[in-house]
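# Structural overview
Take a look at the letters that make up each chain.
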Amino acid sequence: MSKLSFFLLLALSINAFSQTTFTDKKGKVHLAGPFQLNTLESDTSYSSWYHENYTSFQPKLSGTNWIKHLKDVHVDIYMGTWCGDTKYWVPRFVKLWDTLNLKRSQLTFTALYNSSIEGKYKQGPHEEEKGLKIHRVPVFIFRRAGKEIGRIVEYPVTDLETDVAQIALGFPTAPNYKAAAYLMNQLADQPLDSIRSNINRHFYEVYERVGKSNELNTLGYVYKAAGKLDNAELVFFLNTYLYRYNPNVYDSYAEILAAQGRNDEAIENYKKVLAINSKDEHALAEIERLEELQNQDF
């Protein structure tokens with residue numbers, strides 16, 4: 001082998017195993033994109049929380065006949081090394097997987113950005129999350145022969161052992177954030193105009209499923225970061241009717257209206273923030289900014 005060929009091969013090898021990272025607003029380095037589990041185990045940026053939560057977790061298995069149903073299952077794990085739930089649940093999930101004597105090769109790991117990277121909130125560097133309806137992390141997506149058979153969103157519904165066993169047996173519990181999941185499914189399956197024309201029905205469907213105001217607020221910002229402003233506007237709009245006395249829902253709705261160029265409506269909603277909290281500095285500043293823009297148009 002020539003020296004040139006050797007160095008080209010070496011460069012390709014290094015590139016193939018290079019790991020994408022990013023620095024957040026606090027100066028901390030985080031993973032982005034696909035990575036190997038040993039990165040969490042060995043890199044000092046992550047290893048302390050990984051080993052602490054892996055070691056402290058002692059799975060309680062009352063029965064294990066269901067393990068055989070996981071032998072042909074692959075789990076895609078989407079997470080954020082900046083996320084507290086990721087730090088807590090991902091090491092525990094790996095510990096459970098190891099305790100079940102299942103192969104680590106059945107697990108793949110992908111890290112997503114946080115809000116530090118403009119327009120990339122809960123996205124991968126190469127849109128690895130696209131089409132997977134991810135709005136919270138961590139997400140554990142279980143697949144058999146490429147088909148999803150269940151998922152755990154952010155944290156278990158019952159407990160980790162029970163949720164995994166139910167997925168293995170073919171009776172998965174509906175994951176957390178049912179309202180967000182409902183809206184994501186509707187927005188993926190039908191035109192936005194169709195949803196708007198039946199908004200009352202969808203409102204009541206969401207009302208029956210929603211947990212807290214931040215459920216839809218987070219979803220709205222995920223759509224906004226992905227450039228789906230119309231989807232984000234619908235989600236924030238519904239949230240203003242679900243939580244009428246929460247100033248934050250009006251603030252978020254006003255923000256997306258301003259991003260759409262609907263400044264009059266944005267100001268109106270920032271004033272709703274002030275009706276609840278008259279000292280809200282962000283709302284006051286945004287009203288002043290938007291009114292100045294309107295005056296410049298005349």
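The model shown is predicted, which means the values in this text are computed figures rather than measured ones.

In this section: the pattern of salt bridges. Using the criterion set out here, one finds 13 salt bridges in the structure. Here Arg144 makes a salt bridge to Asp72, at a shortest N to O gap of 3.2 Å. Within this pair, whereas Arg144 is found in strand 6 (residues 139-144), its partner Asp72 is found in the loop between helix 3 (47-56) and strand 4 (73-79), the two being separated by 72 residues in sequence. When its relative accessible area of 28% is taken as the criterion, Arg144 is described as partly exposed.

Take the environment of Lys95 next. Looking at the element boundaries, Lys95 is found in helix 4 (residues 84-99). For Lys95, a relative accessible area of 13% corresponds to the buried category. With 36 residues separating them in the primary sequence, Lys95 and Pro59 have C-alpha atoms 7.8 Å apart. Apart from the residues lying within four places of it in its own chain, the contact partners of Lys95 are Tyr54, Thr55, Phe57, Gln58 and Pro59.

Here the bond from Val137 into Pro138 is cis, since omega is 0 degrees, no more than 30 degrees from zero. For Pro138, the position within the fold is in the loop between strand 5 (107-111) and strand 6. Phi at Lys122 is positive, roughly 55 degrees, even though this residue is not glycine. Residue position: Lys122 is located in the loop between strand 5 and strand 6. On the basis of relative accessible area, Lys122 is assigned to the buried category, the value being 6%.

Next up on the list: the side chain of Asp163. Within the secondary structure, Asp163 is located in helix 5 (residues 160-168). Excluding its chain neighbours within four sequence positions, the residues that come into contact with Asp163 are Ile152, Pro156, Val157 and Thr158.

Its place among the elements puts His135 in the loop between strand 5 and strand 6. Setting aside chain neighbours within four positions, we find His135 in contact with Lys122, Tyr177, Ala180, Met184, Thr218, Leu219 and Val222.

Over its 13 residues, helix 9 (residues 213-225) extends 19 Å from the first C-alpha to the last, a length consistent with the 18 Å expected when each residue adds 1.5 Å. With ten of 13 residues buried, helix 9 lies mostly within the body of the structure. Residues of helix 9 that are buried include every one of Ser213, Glu215, Leu216, Asn217, Thr218, Leu219, Gly220, Val222, Tyr223 and Ala225, and no others. Taken together, the buried residues of helix 9 touch helix 6 (178-189), helix 8 (199-209), helix 10 (229-242) and helix 11 (247-259). At the exit of helix 9 stands Gly227, carrying a positive phi of roughly 80 degrees.

Here we come to the sheet that holds strand 5. Remark on secondary structure: sheet strands pair via backbone hydrogen bonds, oriented parallel or antiparallel. The strand order across the open sheet formed by five strands is 3-5-4-6-7, and the pairing between neighbours is mixed. Among the strands making up the open sheet, the edge pair consists of strand 3 (33-35) and strand 7 (147-153). Neighbour-to-neighbour, the strand axes of the sheet open up by a mean angle of 25 degrees, direction not taken into account. Pairing of strand 4 with strand 6, which is carried by six bridges, proceeds in the antiparallel orientation. Directly across from His74, in strand 6, lies its bridge partner Arg143. Most of the contacts of helix 5 go to strand 7, to which it runs at about 165 degrees, and overall it touches strand 6 and strand 7.

Before going further, it helps to spend a moment on the pairing of strand 6. Counted residue by residue, strand 6 has five buried out of six residues, so it is predominantly covered. As paired elements, strand 6 and strand 7 share six bridges and run antiparallel to each other. Following the sheet pairing, Val139 is matched in strand 7 by Val153. In this structure, the hairpin formed by strand 6 and strand 7 is closed by a connection of two residues, where Ala145 is found at a positive phi of approximately 55 degrees.

Moving on, we come to the confidence of the model for the protein. Mean pLDDT over the protein works out to 94, with 93% of the residues at or above the 70 mark. For residues 10-17, every residue scores under 50 in pLDDT, and the model assigns this stretch zero contacts once sequence neighbours within four places are set aside.

So, about the nonpolar core. Leu183, Leu187, Val206, Leu216, Leu219, Tyr223 and Val235 are the most contacted members of the largest nonpolar core, which totals 37 residues. Put simply, the parts of the chain that give this core at least two residues each are helix 6, helix 7 (192-197), helix 8, helix 9, helix 10, helix 11, helix 12 (263-276) and helix 13 (281-296). For this core, the element with the most residues is helix 11, which contributes seven residues. The contacts of Leu187, once residues within four sequence positions are left out, are Leu192, Ile195, Tyr223, Asn231, Leu234 and Val235.

What counts as what
Residues numbered from 1 in each chain as written. Predicted model: local features only at pLDDT ≥ 70, side-chain atom pairs only at ≥ 80, totals over all residues. Heavy atoms only, no water. Salt bridge = Lys/Arg side-chain N within 4 Å of Asp/Glu carboxyl O. Helix = DSSP H or I, 4+ residues; strand = E, 2+ residues; numbered from the N terminus. Buried < 20%, exposed > 50% of the residue type's maximum accessible area, 1.4 Å probe, protein only. Contact = heavy atoms within 4.5 Å. Expected span 1.5 Å × (residues − 1). Pairing = 2+ DSSP bridges. Axes fitted to C-alpha atoms, helices over the stretch in contact; angles between N-to-C directions. pLDDT = per-residue confidence, 0-100. Core = buried A, V, L, I, M, F, W, Y, C linked by side-chain atoms within 4.5 Å.

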